[in-house]
Amino acid sequence: MTKEELEVTWKGRETSLVFREEGDEIKGYVGKKHVLTVELSDGGEVDELFCHEDLEYDEEDLADLLLADEEGGEDEEEDDEEGEDEEEDDEEEEDESDQGEEDAESEEAEEDSGDEIDEDEDANYGDPVKTAKIPGVPTLHAVLVAYGADIGVDDDVRLTRDFFRMLQAEKVLNVKETLLAGRNATAEKALAAVQAFQPGEDDVVWFSYSGHGAMAEGDRLLCTRGKMLRRAAVSEAMQALGARFGVVLSDCCADEMGRVSPKETLGAARPTRLTARMNRLFRQYTGMFDVTSSADYQYSFGGVFTPTLIKKVLFGSSEDTWEGVLERTVKITMADGEGAMSKEGRRALRKVGEVVIEAQKPVAYAMPHER
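Residues numbered from 1 in each chain as written. Predicted model: local features only at pLDDT ≥ 70, side-chain atom pairs only at ≥ 80, totals over all residues. Heavy atoms only, no water.

Q: Before we move on, can you summarise the packing of helix α3 (residues 153-169) against helix α7 (residues 305-315) with the specific residues and values?
A: At their nearest, the axes of α3 and α7 sit 9 Å apart, and the two run at 25 degrees to each other. The angle between α3 and α7 places the two elements in the roughly parallel class. Of the two elements, α3 crosses α7, and the hand of that crossing is left-handed. Counting all contacts with α3, which are made through Asp-156, Leu-159, Thr-160, Asp-162, Phe-163 and Met-166, the residues of α7 involved are Thr-306, Pro-307, Ile-310, Lys-311, Leu-314 and Phe-315. For the contact of α3 with α7, the per-class residue count stands at seven nonpolar, two polar and three charged. (Axes fitted to C-alpha atoms, helices over the stretch in contact; angles between N-to-C directions. Helix = DSSP H or I, 4+ residues; strand = E, 2+ residues; numbered from the N terminus. Parallel < 35°, antiparallel > 145°, perpendicular 65-115°, else oblique. Left-handed = near helix turned anticlockwise from the far one by under 90°. Contact = heavy atoms within 4.5 Å. Nonpolar A, V, L, I, M, F, W, Y, C, P; charged D, E, K, R; others polar.)

Here it is, written out as structure tokens:
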């Protein structure tokens, strides 16, 4: 297809979406950012396969544009060779001009992207946790990554920090935490921060991500600034640290987005009972509590998973085993997260014969065991 453009709204601003034909799919780009994938069905309809949540467009305008382009392509095939040669010469000149414009647009988009920070201007992450340095107590080494606007990622960070402060106040663990948010929430910095941990043999390591997430060919991705971070890379890095116990949490969607190129990826006093539970959970277990907020191809709703796990279960319940923590977290999250499956997700699951679960269901990739 020839280069086609559609006027759209991207992150609240009007701009042009440029389409490129890639195999059977037609992909739309804002600058160099892939934000839309569609295909033309045999019946002459436009099927949306992927759409970035920050993109808004008129479906009728898109259909008119692409279907008109397809009909125009059929008419061109009926032209004689001389006419085609003349058109090709003209198109080459136009392509050179268009390419220059497209490069300029891409550069401008990249410059704009560099100035933008995808987070709320009034985001409040709370105060960092100061390490207590309690003698004879293991240390929790934590990296918190928060990236996204209008989805409550700062609430997740504040809640997590309050939980960390409680662990120190109850002398369960010392806490060393690092927050990566906004401009600093890149895949490279997140992975480097994990790899920089130097835990002792009795220490605990913690990684949590709050933001947008996706799936690409079955691979879970965390949408950090710039390149996306493969979740499996975090789990592998955490396992390699050799800490006694680790926690990997991701509070994000898992909506299918199609193929992704490698270039795009990389408080108050508490009752004694709580102290006893935290001591058992964080000092009597080995292995990894590696859990994400939703099953494959599902959405994750802001303000559901992290508050459920930390506030309702770790803080508010009597569970003193990680199996119990997971079971209760799943139950509450599913009750609060109805309608979490997209139509693309249903289609993908039915293709492989999997059961479609409409409620947001946290999934554990690894569970620790009591020593």
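Anyway, onward from the coordinates.
Q: Can you tell me about the side chain of Thr-224, naming the residues and giving the values?
A: Within the fold, Thr-224 resides in the loop between β11 (219-222) and β12 (229-230). A polar contact of 2.7 Å, which involves the side chain of Thr-224, links it to the backbone oxygen of Lys-227. (Polar contact = N/O pair within 3.5 Å; in protein donor to acceptor, adjacent residues only side chain to side chain.)

Q: With reference to specific residues and values, describe the sheet that holds strand β1 (residues 4-10).
A: Read from one edge to the other, the open sheet built from six strands follows the order β5-β4-β3-β2-β1-β6, with strand pairing classed as antiparallel. The open sheet has two edge strands, β5 (46-51) and β6 (55-56), and neither has a second partner. Both strand β3 (residues 25-30) and strand β4 (residues 33-40) contribute to a ladder of five bridges, which runs antiparallel. From the neighbouring strand, Lys-27 faces β4, where its bridge partner is Thr-37. (Pairing = 2+ DSSP bridges.)

Q: So, the sheet that holds strand β14 (residues 255-256): which residues are in play, and what are the values?
A: Reading across from one edge, β12-β11-β10-β14 is the order of the four strands in this open sheet, with mixed pairing throughout. Each edge of the open sheet is held by one strand with a lone partner, namely β12 and β14. Where β11 lies against β12, two bridges are found, and the strand directions are antiparallel. Bridging across to β12, Leu-221 finds its partner in Arg-230.

Q: An account of the nonpolar core is requested, with residue identities and associated values reported.
A: Membership of the largest hydrophobic core comes to 40 residues, with the highest contact counts inside it found for Leu-140, Phe-163, Phe-164, Leu-167, Trp-206, Phe-282 and Phe-289. In terms of residue count, the dominant contributor to this core is α3 (seven residues). (Core = buried A, V, L, I, M, F, W, Y, C linked by side-chain atoms within 4.5 Å. Buried < 20%, exposed > 50% of the residue type's maximum accessible area, 1.4 Å probe, protein only.)

Q: An account of helix α4 (residues 187-195) is needed here, citing residue identities and associated values.
A: Along α4, the residues classified as buried are Ala-187, Ala-190, Leu-191, Ala-193 and Val-194. Mapping the buried residues of α4 onto a view down its axis gives an arc of 155 degrees, with all of them on the same face. The inward-facing, buried residues of α4 contact β7 (139-147), β8 (174-181), β9 (204-211), β12 and α5 (231-239). (Arc of directions from axis to C-beta.)

Q: Give a description of the pattern of salt bridges that names residues and reports values.
A: Scanning the model with the defined rule gives 13 salt bridges in all. For the salt bridge of Arg-161 with Glu-177, the shortest nitrogen-to-oxygen distance reads 2.6 Å. Here Arg-161 is found in helix α3, whereas its partner Glu-177 is found in strand β8, with 16 residues between them in sequence. Given a relative accessible area of 13%, Glu-177 falls into the buried group. For the salt bridge of Asp-202 with Arg-244, the shortest nitrogen-to-oxygen distance reads 2.7 Å. Of this pair, Asp-202 sits in the loop between α4 and β9 while Arg-244 sits in the loop between α5 and β13 (245-251); the two residues are 42 residues apart in sequence, bridging distant segments of the chain. Using a relative accessible area of 6% as the deciding quantity, one classes Arg-244 as buried. (Salt bridge = Lys/Arg side-chain N within 4 Å of Asp/Glu carboxyl O.)

Q: Mind laying out the confidence of the model for the protein, listing which residues take part and the relevant values?
A: On average, residues of the protein carry a pLDDT of 82, and 79% of them reach 70 or more. Averaged pLDDT values for the elements of the protein fall to 46 in helix α2 (residues 81-115) and rise to 98 in β13. Per-residue pLDDT stays below 50 along residues 73-82; that stretch engages in five contacts with residues further than four places along the chain or on separate chains. Segment residues 267-271: pLDDT under 50, and four contacts once partners within four positions in sequence are set aside and those in other chains are kept. (pLDDT = per-residue confidence, 0-100.)

Q: How would you sum up a negative patch on the surface? Please name residues and give values.
A: On the surface, Asp-58, Glu-59, Glu-60, Asp-61 and Asp-64 cluster together into a patch of negative charge. Among the structural elements, Asp-64 can be located in helix α1 (residues 59-77). (Patch = residues over 30% accessible without salt bridge, like charges linked within 9 Å, V, L, I, M, F, W, Y side chains within 5 Å. Areas by Shrake-Rupley, 256 points an atom, 1.4 Å probe, with all protein chains shown as cover. Lys, Arg positive; Asp, Glu negative; His and termini not counted. Charge placed at Lys NZ, Arg CZ, Asp CG, Glu CD.)

Q: How would you sum up α3? Please name residues and give values.
A: Compared with an ideal rise of 1.5 Å per residue, which puts 17 residues at 24 Å, α3 spans 25 Å between its outermost C-alpha atoms and is within 8% of the ideal. Burial of α3 is extensive: twelve of the 17 residues sit out of reach of the surface. Of all the residues in α3, the buried ones are Val-153, Asp-154, Asp-156, Val-157, Leu-159, Thr-160, Arg-161, Phe-163, Phe-164, Met-166, Leu-167 and Gln-168. One or two steps after α3, the chain reaches Lys-171, where phi turns positive at roughly 60 degrees. (Expected span 1.5 Å × (residues − 1).)

Q: Describe in detail the packing of aromatic side chains, supporting the description with residues and values.
A: One pass over the structure, following the stated rule, counts eight aromatic pairs. With 5.6 Å between their ring centres and 90 degrees between their planes, Phe-163 and Phe-315 make a pair best called edge-to-face. Just as Phe-163 is buried, Phe-315 falls in that class too. Relative to Trp-322, the ring of Phe-289 has its centre 4.5 Å away and its plane inclined at 35 degrees; by these criteria the two rings are tilted. Residue Phe-289 is found in strand β15 (residues 285-292), and its partner Trp-322 is found in helix α8 (residues 322-336); the two are separated by 33 residues along the sequence. (Phe/Tyr/Trp six-rings, centres within 6.5 Å; stacked < 30°, edge-to-face > 60°.)

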